[in-house]
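# Tertiary structure, described
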Amino acid sequence: MRHAVGMTPAGWLCVIKQKEVRAPLDARSQTFRSIKMEEVDVEPTITNIPAISDGKHMGFAWGPGDILVYETLYKASGASGSGCSFIHEIRKDEDIYSPILRKLFNESHHIFVGLQTIREELPSKSKKPQFVSISKNYRSVIRACMEELQQVAVSTRNVELATQCGNQVSILLAIELIWNLCEVLFIDAAPAGSLLLHLLDWVRLHKADVDERAREVLQSESPAEHHDYWDVVVSYVLQGRLEEVRQMLVKQGTLQPAARSMYKQMDTLLSKMPFYNPGGTQTLTEFDVKWRHWHEEVDRCLQDNSFASNRHLEVICKILLGDEDTLLDHKELLGTWYHFLVTRLLFCHPTVKPTELHYYAQSCMTMFLDSRSVSEPLDNILLAAFEFDIHQVIKECSIALNNWWFVAHLTDLLDHCKLLQSHNLHFGSNLREFLLLEYASGLFTHHSLWQLAVDYFDHCPEFGRVYLELQIERVPLETERKALKVLRICEQRQMSEQVRSICKIMAMRALRNNRLGSALSWSIRAKDAAFATLISERFLQDYCAKGTFSDLDLIDNLGPAMLLSDRLTFLGKYREFHKLYGEKRFREAAKLLLSLMTAKIAPQSFWMTLLTDALPLLEQKEVIFTADQTYELMFCLEELTSSLNITASSTDRPMQEEDVEVTKVELLRLALARNLAQAIVKEGTVET
C-alpha cells in the first residue's frame, strides 16, 4: 500500500470480480482499513466492501498494485448468513485504467525524459527559461486531458461515466492551479512587480467563467440592460482587466446622457491606472510613486462624492481603492480566497515582494473563509505555496491526490531547479527519487504503461536499478513479442539474471508446446547449457524417430552458439555432416563423422546411428575411408558392441530388437572389412 514518511494513501477504489473463494486466510472485519503507518498526518480512509456479511472473517492477498480481499471459510460462533463467493479487487490507483488519463501519462513521460537531458554544467540563468518552458508543457498536457474529459462528460449518456469524468476534471483543475502557482513562485521565481502580473494571469486563467458571462451579455439585444451586466463589469475590475471594463462602461454611458461626465471621469481613472512593465525602462520605485499618485486621485474622487449618485460606479471606485469591506461584499464574484488575495494586492500592494506573500495570503484566507468552515486540502496546499514551503506543498498533495503523477513530476522539476537540496529522507533516497520510484512502481501494474516506468527507474540513480530488476520480473509474458520487448530492455541494461530468467521461462513454454526451434533459440539466448543439452537431445530423438531434422534454418545458423554445450555442438556438427553428404563432399563428410566419435563429441547412445550413416560411404565405388580411418571405425564398433552386450545382459529387451541390432553390427563389420581391404590395396602397403 502506498506510503511515505509523513504521507498516507488517498482513495482506494473497489472493483468486484466474480470468483469462487476457497483458500482461507486470517483477517477480520466487514470493512478494509488501510494499514496505518507511523507518523501519519491524517486518519487512513475506510473502504467499504459490499456484500460482506456481518461477523465474517476476511482474507487478503497483496499484489504489486492491488489487494484481493475475500471471505474465508472460517465461521465465528453466532455468525449467520450464507457467505459471499466473490473476490474483491481493491485498486489504489484507478486513474491508470482511464484511456484519456493514459494520454496524460504518455505525454508527460516524453517531457520528463527531455528534462533529464538538460546538461548540469549549464549556468542556472540559462537553464531557467528551459525549466519554465517544460513546466508550461506539463500544464498544456494537463489542460488537453481536461478538455477531452469535459467533452466526454458532456456528450456521454452514461451517468456513471459522466460523473467519473466530471470528478477527474475537478482533480485536474486543482492540479493545474497548484502547478501554475508553483511555476510562478518557485520555477520562474518572479521578483516584486512582475510577481503580481504573473498572479493576475494565474487568477484569470482559472476564473474563466467571466468571459462566458460577458459573451452572454454582449450577445443580448441590450447588453447595458442585461441582468448580469454589472456583475460582469465588477468581475473584470476584480481581475484587473480594465480595458474590458472601459469598453463595457461605454455601453452604459450611451444609455445615460445625463451621467455621461461621470462615466467619462471613471474612464479616465481606469485609463490612468499604472501597470508595471518588466521590460520597460521604468524602475520599480518610479512605478510605485506613479501608482501612489493615481491611488490618491481615486481616493479624492471618492471623498468628493464624484460617484455618489451612481452606486455601481461608487462600488468600482471603492474596489480600485482596495476597500476590504467592498471586496468581501463580492465574495460570490471572487469565488475563492486566493482571487481575493490577488485583487487586494493589485489595488493595495502592487509591488509586493515574494517574501511578503505569506502574510497577505494568511490574512486573506482568514477574512474570506467563514470562521465556522474548515479549510479544504486545496486551501492548505496553496497557502503552503504562498509560504514558500515546497516540502509542505508536496506532502499535502501526496495526502490529497489519489496517485503519484503530480508530486513525482513536480518534485522532479523542482529538484532540477535546485530547490529541494535540503529535503533528504532518512532511508537513503532523496525526495525526488522516492516519489519517482513510487509513481513508476504504480505504472508497472498496467499492461502497457509499464514500458514508461522503465525510463523513470533509469533516472533514479540510487535505487532505480534495484526497483527495475524486481518489477520487470513481474511483467506477465503473454506473448513472444512482449517477451522480446522485456528482454531488450534487460539486455540494454546488462541485467543478466533477468535475461536468463526470461529466456528460461520462454524456452520452457516453447518446449511444453513442442516448439523445439523456439525453445533452443531461447535457451541459447539464456546461455543455459543444461537446457540447451536437453533440447538438443529432443532434436536428436526426433531425428531418430522421423529421419529428418526440424527447424533446419536455426541449426544451420548456430555459429559460435553451438559451443554452449557438447550436445549442441554435436547437433550442429551432425547437421553439418548431412549437408556435406548432400553436397557429395564425401571425404569431408567421412572425416567429420569419424571425428564426432573419436573426439567423444557424440553420445555413445548415438554411435550406432553414426555408424549406420557411415554405411553408404563404405559402399561407395571410390574408397572414402583410409585404412587408418577404417581401423578407428572398427574400434568404435567393437567398443559399442561390448557396451551393448553389457546393457543387454542387464535389461530384458524384446528378441526382435536384439536381432535388428545384431544384423546392423554384422552388416557394419562386413562393410568395414571390405573397405579395409580396398583401402590397403589402394594405399599399396601395410604398416607392420
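As a reminder, the structure under discussion sits directly above these lines.
Residues numbered from 1 in each chain as written. Predicted model: local features only at pLDDT ≥ 70, side-chain atom pairs only at ≥ 80, totals over all residues. Heavy atoms only, no water.

To continue, consider the overall build of the chain. What the chain contains, in helices and strands, is 30 helices and six strands. For the chain, the proportion of its 688 residues judged to be buried stands at 46%. Excluding contacts between residues fewer than 6 apart, the proportion of contacts in the chain whose partners are at least 24 apart in sequence is 66%. (Helix = DSSP H or I, 4+ residues; strand = E, 2+ residues; numbered from the N terminus. Buried < 20%, exposed > 50% of the residue type's maximum accessible area, 1.4 Å probe, protein only. Contact = heavy atoms within 4.5 Å.)

The N-to-C vectors of helix 26 (residues 566-582) and helix 28 (residues 607-618) enclose an angle of 15°; their axes lie 12 Å apart at closest approach. On the basis of their axis angle, the class for helix 26 and helix 28 is roughly parallel. Considering how the two elements wind past one another, helix 26 and helix 28 form a crossing that is left-handed. Residue-level contacts link Phe 570, Tyr 574, Phe 577, His 578 and Tyr 581 of helix 26 to Thr 609, Leu 610, Asp 613, Pro 616 and Leu 617 of helix 28. Grouping the amino acids of the contact of helix 26 with helix 28 by side-chain chemistry returns seven nonpolar, two polar and one charged. (Axes fitted to C-alpha atoms, helices over the stretch in contact; angles between N-to-C directions. Parallel < 35°, antiparallel > 145°, perpendicular 65-115°, else oblique. Left-handed = near helix turned anticlockwise from the far one by under 90°. Nonpolar A, V, L, I, M, F, W, Y, C, P; charged D, E, K, R; others polar.)

Okay, helix 21 (residues 480-492) next. The terminal C-alpha atoms of helix 21, which comprises 13 residues, lie 18 Å apart, in line with the 18 Å expected from a rise of 1.5 Å per residue. Where helix 21 is concerned, the buried positions are Lys 482, Ala 483, Val 486, Leu 487, Ile 489 and Cys 490. When helix 21 is viewed along its axis, its buried side chains cluster within an angular range of 160° and face the same direction. Turned more than 90 degrees from where helix 21 packs its buried face, Arg 481 and Gln 492 sit exposed. Following helix 21 by one or two positions, Gln 494 adopts a phi angle in the positive range, close to 50°. (Expected span 1.5 Å × (residues − 1). Arc of directions from axis to C-beta.)

What the rule picks out here adds up to 29 salt bridges. Here Arg 432 ties to Asp 412 by a salt bridge, and the two come within 2.7 Å at their closest N and O atoms. Of this pair, Arg 432 sits in helix 18 (residues 431-443) while Asp 412 is found in helix 17 (residues 405-416), placing the two residues 20 residues apart along the sequence. Exposure remark for Arg 432: the relative accessible area of 7% places this residue in the buried category. In this structure, the salt-bridge partner of Glu 638 is Arg 669, at a minimum N-O distance of 3.2 Å. With Glu 638 in helix 29 (residues 627-650) and Arg 669 in helix 30 (residues 655-683), this residue pair connects regions lying 31 residues apart in the sequence. Judged by relative accessible area, which is 40%, Glu 638 ranks as partly exposed. The network of salt bridges with shared partners includes Arg 139, Arg 143, Glu 176 and Glu 183. (Salt bridge = Lys/Arg side-chain N within 4 Å of Asp/Glu carboxyl O.)

Turning next to unusual backbone geometry. Trans is the common state for peptide bonds, and a negative phi is the common state for residues other than glycine. The residue Asn 514 is not glycine, and still its phi comes out positive at about 60°. Secondary-structure assignment places Asn 514 in the loop between helix 22 (496-512) and helix 23 (516-526). Relative accessible area serves as the criterion here: at 46%, Asn 514 is assigned to the partly exposed category. For Lys 584, which is not a glycine, the phi torsion comes out positive at approximately 60°. Note on placement: Lys 584 falls in the loop between helix 26 and helix 27 (586-598).

A word on the environment of Leu 477. Mapped onto the secondary structure, Leu 477 falls in the loop between helix 20 (464-472) and helix 21. Classification of Leu 477 as buried rests on a relative accessible area of 9%. Distance from Leu 477 to Met 506, taken between C-alpha atoms, is 8.2 Å for residues 29 residues apart in sequence. If near-sequence neighbours (up to four positions away) are discounted, Leu 477 is found in contact with Ala 483, Val 486, Ile 502, Ile 505, Met 506 and Arg 509.

This paragraph deals with the environment of Ala 589. Tracing the backbone through its elements, the reader meets Ala 589 in helix 27. Judged by relative accessible area, Ala 589 falls into the buried class, the value being 0%. Taking the C-alpha atoms as reference points, Ala 589 and Ile 624, 35 residues apart in sequence, are found 9.5 Å from one another. Residues within four places of Ala 589 in sequence aside, it is in contact with Phe 577, Leu 580 and Tyr 581.

Taken as a whole and assessed by the stated rule, the structure comprises 21 aromatic pairs. Relative to Phe 434, the ring of Trp 404 lies with its centre 6.4 Å away and its plane at 85°, an arrangement referred to as edge-to-face. Within this pair, whereas Trp 404 is found in the loop between helix 16 (390-400) and helix 17, its partner Phe 434 is found in helix 18, the two being separated by 30 residues in sequence. Neither residue differs from the other here; Trp 404 and Phe 434 are each classed as buried. In this structure an aromatic cluster arises from ring pairing among Phe 105, Phe 112, Tyr 439 and Tyr 456. Over the ring of Phe 368 we find Lys 331, and its NZ or CZ is 5.3 Å from the ring centre. (Phe/Tyr/Trp six-rings, centres within 6.5 Å; stacked < 30°, edge-to-face > 60°. Lys NZ or Arg CZ within 6 Å of the ring centre and 35° of its normal.)

Following both chains from N to C, one finds helix 6 (residues 229-238) and helix 7 (residues 242-255) inclined at 155°, their axes separated by 8 Å at the closest point. Put simply, helix 6 runs roughly antiparallel to helix 7. Crossing of helix 6 over helix 7 shows left-handed handedness. Here Tyr 229, Trp 230, Val 232, Val 233, Tyr 236 and Val 237 of helix 6 lie close against helix 7, whose contacting residues are Leu 242, Glu 244, Val 245, Met 248, Leu 249 and Gln 252. Grouping the amino acids of the contact of helix 6 with helix 7 by side-chain chemistry returns 10 nonpolar, one polar and one charged.

Now for the environment of Ser 133. The topology assignment puts Ser 133 in helix 2 (residues 124-155). Residue classification places Ser 133 among the partly exposed positions, given a relative accessible area of 37%. Taking the C-alpha atoms as reference points, Ser 133 and Asp 188, 55 residues apart in sequence, are found 9.8 Å from one another.

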